[in-house]
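Chain residues, written in single-letter form:
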Protein chains: 2
Amino acid sequence: MKFNIRRSEFISALNNAQRAISSKTAIDVLTGIKLTLSATKLTMTGSDADISIETVITEDNEKAALVIDEPGSVILPARFFNEIVKKLPEEMMTISVDARFQATITSGQAEFTINGLDSETYPHLPEIEADTKLVIAADILKQVINQTVIAVSTQESRPILTGIHLSYSNGELLAVATDSHRLSQRKITLADAGSEVYNIIVPGKSLNEMAKMLGDSTDNVEIRVAENQILFTFANISFYSRLLEGNYPDTDRLIPQSSETTVEFNAVELLHSIERASLLSHEGRNNVVKLSLQVADQKVVLNGNSPEIGNVEEDLSFKNLTGKDLEISFNPDYMKDALSSFGQTDITMSLTLPLRPFTLVPTEDGENFVQLITPVRTF
Amino acid sequence: MKFNIRRSEFISALNNAQRAISSKTAIDVLTGIKLTLSATKLTMTGSDADISIETVITEDNEKAALVIDEPGSVILPARFFNEIVKKLPEEMMTISVDARFQATITSGQAEFTINGLDSETYPHLPEIEADTKLVIAADILKQVINQTVIAVSTQESRPILTGIHLSYSNGELLAVATDSHRLSQRKITLADAGSEVYNIIVPGKSLNEMAKMLGDSTDNVEIRVAENQILFTFANISFYSRLLEGNYPDTDRLIPQSSETTVEFNAVELLHSIERASLLSHEGRNNVVKLSLQVADQKVVLNGNSPEIGNVEEDLSFKNLTGKDLEISFNPDYMKDALSSFGQTDITMSLTLPLRPFTLVPTEDGENFVQLITPVRTF
């Protein structure tokens, strides 16, 4: 195996493949990165068994200036290999691997020799031969993931809740996550509606990692689903994740269909007020803040307090407060996550009773995006 | 106590005073920041017993727009107070403290109430009444500290070596640090030479912290020394540090006066080569790299290796290699620190024997700046 390549392009593809590699893996070979050189392209693969990422540089990529001398493959220690390549002195570099899997990396006057492994020892990537695919613009997919992944459970006690539930039929994609204290739900309509029906649960960790790799472009991401795997393809990247097995709880019935009190806020202003209130609640035993909705007085007051440090009280700005007076207490961190997911927009908060879940939706489009939070009992 | 002030200016002075505050202090009151409001100025004080920092905002500072309603003083929990002030909604804020040391912080609609302490419980700052002072430009002082502090010992076994030895006489300031494996020495001449003589040892940690606060301006820093304290005054900041007690070792005799081999490098190029070699040496048992100076062949080769990972070899660029052939091994981290302290410049390396210390000096000015490193025995 021998090739010559421009370092900057190589590093970018290497970094992407390496995102799948965990330093904590128990499987020794997965601390390595697999390089496979065919007659026309270089493929790099990283994996932590749950997620696998494959990046490809083809010979016709002019920026990479890949020159293939001799096809072959090898596994190299990922962390070192990356550090070495980053620190090489020149723009171009040459990698050659001998029959004993010893790699020689040369750039300018620097010559590194590192010990590699036979690529035959690397696990095979899942094979996803699905003919059908969903197509979504990268920026939309990224938004859907970021808006729902906040409600994914981080506890392993109910593994199914560590995933995002994706269901697709009739051109409509529904993403739901809940950790049983809060819920995020986002709906989008896809342009090329096929007849497929999907009902899968993807680990939140996988989707989070993938969202970080998605740009804010409108380039298409292709999604293919096999029995226990999902494959996202975009740019020169193939991102594989295993699926979670089991039945996702029926979340439809959790979202209240009516309300006793409603009020509108600017999401960013409310976020800042919650951040102030949480400074003190974080020190208290319960980490809760209290919101008082006083309809007759047309007043909304937010309170945070810590017996040791002190307390904070703030009169909030709002619009259209109607219904019954209400006082609720909730975890401000859930509220911060929810509010951050809306961006700079007006939201409508709908409440029923002090201990019943309340919802936040964009005032302009309450149908396609809901954040739900369960209050906390403080008495 | 009550005042109104522009938040941005207040935060900057607060952050500076807070640099002295350690979250790990055993003295409870030192987790607080002391605010003292006189008829004309606000003073904030932070301390960890070793270092104390005092910042002042006067009434005539237009940017701060300080309006003093009622003088007084209080100690507030530093971390919270800082977080609260940073998150307040408006440009201006008001702080008032009642007779029970409860502080109310108001800005816009947000009102925080936090529990403070009687400022009488705060330790007194050292009093330094020295009439005589040294005056140094901030950028020069920062450079002298950064160039020498790298060689300060981090081991408490010989506490005196955790300091930088500063000696001053006849207008010449000499700064020396050594951890017994390496040594940094920098000499500067001060413009206003007074007749004082100083011979003190300042904790490296204090000087490091102070250097971070010094800008790259040529504004003057005033230095005053008392029996066991040093005071640096610049901008609106007074920085106090205790001195280390004891005798600093005689370091003059450690610097070799002659050499058998000399060679010149560009400091930055050599630094990059050392960084590459250390990638592998860091994994080895000894963390050493090997430099071979081959005078007859006019060749300089750097080697790093790790039995597990592999090795690196590089032909270095150099100038004026003269004297005897030599092969030395050294800790690349010491070399990286030393080379970084030179910046983009040519340096001369002077060596005697494989196990005797070698020196690096700027080729253009070998008198005022020396980095010395002791090689490592590898056989």
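Refer to the structure above for everything that follows.
Residue numbers restart at each chain and count upward from 1, following the sequence in its written direction. The lettering of chains begins at A and the numbering of ligands begins at 1, in the order of writing. Reporting in this predicted model follows two pLDDT cut-offs: at least 70 for local features of residues, and 80 or more for side-chain atom pairs to be given and counted; totals over whole chains, interfaces and linings ignore these cut-offs and use all residues. Calculation of side-chain values draws on the structure's entire complement of heavy atoms; hydrogens and water are dropped beforehand.

Draft legend 1. Structural context of the pattern of salt bridges. Any carboxyl oxygen of Asp or Glu that lies within 4 Å of a side-chain nitrogen of Lys or Arg is treated as forming a salt bridge with it. Here the structure, examined in full by the defined rule, presents 31 salt bridges over all chains. Linking Glu222(A) and Lys133(A) is a salt bridge whose minimum nitrogen-to-oxygen distance equals 3.8 Å. Placement of Glu222(A) in strand β15 (residues 220-225) and of Lys133(A) in the loop between β9 (110-115) and β10 (134-137) is noted, with a sequence separation of 89 residues between them. The rule is simple: take the accessible area with a 1.4 Å probe, protein chains only, and divide by the maximum for that residue type; under 20% is buried, over 50% is exposed, in between is partly exposed. Classification of Lys133(A) by relative accessible area gives partly exposed; the value is 37%. The salt bridge partner of Arg242(B) is Asp50(B), with a shortest N-O separation of 2.6 Å. For helices the rule is a DSSP run of H or I covering at least 4 residues; for strands it is a run of E covering at least 2, with both sets numbered from the N terminus onward.

Draft legend 2. Fine view of the side chain of Lys142(B). Tracing the sequence through the fold places Lys142(B) in helix α3 (residues 138-149). Only heavy atoms enter the contact rule, under which two residues are in contact if any of them lie within 4.5 Å. For Lys142(B), the contacting residues outside a window of four places in its chain are Ala211(B), Leu214(B), Gly215(B) and Asp216(B).

Draft legend 3. Quick peek at the sheet that holds strand β8 (residues 102-107) of chain B. What makes two strands pair is DSSP finding at least two bridges between them. Here 9 strands make up an open sheet; going across it, the order is β23(A)-β19(A)-β20(A)-β21(A)-β9(B)-β8(B)-β7(B)-β1(B)-β5(B) and the pairing antiparallel. At either end of the open sheet lies a strand with only one pairing partner, and these are β23 (326-330) of chain A together with β5 (67-70) of chain B. Each strand axis lies, on average, 15° off the axis of its neighbour in the sheet, ignoring direction. Here strand β1 (residues 2-6) of chain B runs beside strand β7 (residues 92-97) of chain B; their pairing, made up of 5 bridges, is antiparallel. Bridging from a neighbouring strand, Ile5(B) pairs with Met93(B) of β7(B). Note on definitions: angles span 0 to 180 degrees between N-to-C directions of axes, and those axes are lines fitted to C-alpha atoms, for helices only across the stretch in contact.

Draft legend 4. Up close: the sheet that holds strand β3 (residues 41-47) of chain B. Residues and elements named next belong to chain B. Read from one edge to the other, the open sheet built from 8 strands follows the order β6-β2-β3-β4-β17-β16-β15-β10, with strand pairing classed as antiparallel. Every interior strand has two partners, whereas the edge strands, β6 (72-77) and β10 (134-137), have only one. Ignoring which end each strand starts from, the neighbouring axes of this sheet average 20° apart. Bridging between strand β4 (residues 51-58) and strand β17 (residues 237-242) involves 5 bridges; their strand directions are antiparallel. By the bridge assignment for β17, Glu 54 is matched with Ser 238. The strands touched by α3 within the sheet are β10, β15 (220-225) and β16 (229-234), with β10 carrying the most contacts at an inclination of about 90°.

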